[in-house]
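Summary of the model geometry
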Amino acid sequence: MPRKVILVTGGAGHVGSHIIEQLVQDKNNTVISLDNYFTGKKENHISGAEYREGHTKDIAVLVSETPDIIYHLGEYARIAPSFDDAARVFDMNMAGTAAVLEFCRNKSVGKLVYAASSTKFAAQGEGRHQNPYSFSKAQNVDLIQDYGKWYKLPYAICYFYNAFGPRENGEGKYSTLIAKFEQMYLKGEPFTIVKPGTQKRNFTYVKDLARGIILVGEKGEGDGYALNNQKAFSIIDIAEAFGGPIKYVDGYPGRVDSGDSPAKAREELGWETTIDVLDYIRDFKKKHSR
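What comes next is a walk through the structure. (Residues numbered from 1 in each chain as written. Predicted model: local features only at pLDDT ≥ 70, side-chain atom pairs only at ≥ 80, totals over all residues. Heavy atoms only, no water.)

Let's talk about the layout of surface pockets
Regions of empty space are outlined by a rolling probe, equal in size to a water molecule, passed over the atoms. Roughly 300 Å³ of volume is contained in the second largest pocket. Taken together, 17 residues line the second largest pocket, and the ones lying closest to its centre are K4, I6, N29, I69 and E218. Partitioning the lining of the second largest pocket into residue classes produces seven nonpolar, five polar and five charged. (1 Å grid on protein atoms, 1.4 Å probe; cavity = no way out; pocket = protein on both sides within 12 Å on 5 of 7 lines; lining within 4 Å. Points joined across faces, edges and corners; volume = space filled by probe spheres on them. Nonpolar A, V, L, I, M, F, W, Y, C, P; charged D, E, K, R; others polar.)

Concerning helix α6 (residues 206–219)
For α6, which comprises 14 residues, the first-to-last C-alpha distance of 20 Å matches the rise-based estimate of 20 Å (1.5 Å per residue) to within 8%. Here α6 lies mainly inside the structure; 10 of its 14 residues are buried. Regarding α6, the residues found buried are V206, D208, L209, A210, G212, I213, I214, L215, V216 and G217. (Helix = DSSP H or I, 4+ residues; strand = E, 2+ residues; numbered from the N terminus. Expected span 1.5 Å × (residues − 1). Buried < 20%, exposed > 50% of the residue type's maximum accessible area, 1.4 Å probe, protein only.)

Things to note about unusual backbone geometry
For the bond from K195 to P196, the omega torsion is 5 degrees, close enough to zero to count as cis. The topology assignment puts P196 in the loop between β8 (191–194) and β9 (200–201). Of note, the phi angle at Y37 is positive, near 60 degrees, even though the residue is not glycine. When you line up the elements, Y37 lands in the loop between β2 (29–35) and β3 (50–53).

Quick look at the nonpolar core
Core analysis: the biggest nonpolar cluster contains 34 residues, and V8, I19, Y71, L73, F160 and I213 have the highest contact counts within it. The set of elements that each furnish at least two residues to this core consists of β1 (4–9), α1 (14–23), β4 (69–72), β5 (112–117), β6 (155–160), α6, β11 (222–227) and α8 (264–269). Ranked by residues supplied to this core, first place goes to α6 with seven residues. L73 has contacts with V8, T9, G10, V15, G16, I19, A115, F160 and I213, leaving out every residue within four places of it along the chain. (Core = buried A, V, L, I, M, F, W, Y, C linked by side-chain atoms within 4.5 Å. Contact = heavy atoms within 4.5 Å.)

Some words on the environment of G188
Tracing the backbone through its elements, the reader meets G188 in the loop between α5 (177–187) and β8. Each C-alpha atom of the pair G188 and P245 lies 9.2 Å from the other, and the pair is 57 residues apart in sequence.

Details of the packing of aromatic side chains
Pairs of aromatic rings are described using the distance from one ring centre to the other and the angle between the two planes. Tallied over the full model, the rule gives 16 aromatic pairs. Here the aromatic rings of F181 and F242 are separated by 6.2 Å at their centres, their planes lie at 80 degrees, and the arrangement is edge-to-face. One end of the pair, F181, is in helix α5; the other, F242, is in helix α7 (residues 235–242), with 61 residues separating them in the sequence. Residue F242 is classed as buried on the basis of its relative accessible area, which comes to 2%. Taken together through their ring pairs, the aromatic side chains of F181, Y185, F191, F242 and F284 make up a single cluster. Residue placement shows K42 over the ring face of Y37; its charged tip is 5.4 Å from the ring centre. Taking NZ or CZ as reference, R105 lies 4.5 Å from the ring centre of Y151, over its face. (Phe/Tyr/Trp six-rings, centres within 6.5 Å; stacked < 30°, edge-to-face > 60°. Lys NZ or Arg CZ within 6 Å of the ring centre and 35° of its normal.)

Set out below in structure tokens:
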């Protein structure tokens, strides 16, 4: 079989590292990561891949190869902090993705697979206007679709839903919920929840998510591939599954609910999730008894 050159932007991040881990299992794949290490970590590197450090704005300088496929995850990916980081969000997401699209056009890349945000579907379709992060991601979806029309760029767009699992970041400003609650559980701290706590999320196991985006890269076309666990749980549900006191705080709660999502990934590609977040939490507690 001919070798494939596959580029993963954000390949040192939580989801990106699992995509690379699955891609390198095929010895016909040459896998390259491009990451600026804003939230990515060098300890997430996977043997068998090549890692390059830099901003996606500089993709044309940093990547001389012509990829058969690009999995584009290398963007700012936090909701609440995006209010303070608007300039960084627009730089990483909008300027960076514009450069990736121009790279795809000039290099005649085989396919671009974009990791969009499920926040687009929240609040009766007005989720894109709730914060700088959601706005930038929805704008990028529009731009990718236009590049498809203007330049016949092959693309597929996936929507991510609250990834959890190995390599999740549980520390600092850019931590994500399950890993953050794991740290609180281990330290015996109250579970801090932004009011009201009833907001629901479709927590999706990271290895399922990675398998889904690769499947979309192999067989998908166009927009609308939602990669989500169909069961939604509130933030209170998650805290109660860990067990312990809850501390409510003021702040930006994100979208109120999980929103409706397209079923294209399931109906067209047969993709399904394999691990439920409550089962994952039970297993974590068994392995880490306090």
